[in-house]
Amino acid sequence: MGSQASVPAIPSSAAAPVSVAQPAVADAAAAAAAAAAAASKPKPCCVCKEEKAKRDECMLFSTAADPQKDCLSTIDQYKNCMAGFGFKV
């Protein structure tokens, strides 16, 4: 009854925590963030509809010799609108 079992001492080098890099977790988090950003970004066909309609109408029905110059302001409005949503036209 009076005997105690001796517990072997663990060397301090064995008890030190091991640092393991987890690139898979970081990659998964980055992929999830990219997917969330892509999901929240609207499709180009769904934005700037009014500006697009004005641009198209101007280009199609312009009586000018160069409709692109004649409709420059509506084209710029459409480009600025698309740029606001992150699209480069």
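Residues numbered from 1 in each chain as written. Predicted model: local features only at pLDDT ≥ 70, side-chain atom pairs only at ≥ 80, totals over all residues. Heavy atoms only, no water.

As named in an unreviewed UniProt entry, the protein is Cytochrome c oxidase copper chaperone, taken from Podospora australis. Annotation of the protein in UniProt includes, under Subcellular location (unreviewed entry), the sentence "Mitochondrion intermembrane space". (UniProt positions renumbered as here; feature names shortened; annotations may be inferred.)

### What about the packing of aromatic side chains?
How two aromatic rings sit relative to each other is given by the distance of their centres and the angle of their planes. Following the criterion strictly, the structure yields zero aromatic pairs and no others. A cation sits over an aromatic face here: Lys41 above Phe87, 4.6 Å from the ring centre. In this structure, Arg55 packs its charged tip against the face of Tyr78, placed 4.4 Å from the ring centre. (Phe/Tyr/Trp six-rings, centres within 6.5 Å; stacked < 30°, edge-to-face > 60°. Lys NZ or Arg CZ within 6 Å of the ring centre and 35° of its normal.)

### Description of the state of the cysteines
Each disulfide consists of a covalent bond between the sulfur atoms of two cysteine residues. Tallying each qualifying case throughout the model produces two disulfides. Two residues, Cys48 and Cys81, share a disulfide whose sulfurs are 2.0 Å apart. One quick way to see it: the torsion about the S-S bond of Cys48 and Cys81 is about -95 degrees, and its sign makes the bridge left-handed. One end of the pair, Cys48, is in the loop between α2 (23–40) and α3 (49–61); the other, Cys81, is in helix α5 (residues 72–84), with 33 residues separating them in the sequence. Cys81 gets classed as buried once you look at its relative accessible area, which sits at 17%. Each disulfide pairs two cysteine sulfurs, and for Cys58 the partner residue is Cys71, the sulfurs being separated by 1.9 Å. On the sign convention where negative is left-handed, the bridge of Cys58 and Cys71, at about -95 degrees about the S-S bond, is left-handed. A residue pair is termed long-range when its members are at least 10 positions apart, and Cys58 in helix α3 and Cys71 in the loop between α4 (67–70) and α5 qualify at 13 residues. Counting only the cysteines that take part in disulfides, in the order they occur along the protein, gives the pairing 1-4, 2-3. Here Cys45 is not disulfide-linked; the sulfur of Cys46 is the nearest cysteine sulfur, at 3.5 Å. On the basis of relative accessibility, which here comes to 46%, the residue Cys46 falls in the partly exposed class. (Disulfide = S-S within 2.5 Å. Helix = DSSP H or I, 4+ residues; strand = E, 2+ residues; numbered from the N terminus. Buried < 20%, exposed > 50% of the residue type's maximum accessible area, 1.4 Å probe, protein only.)

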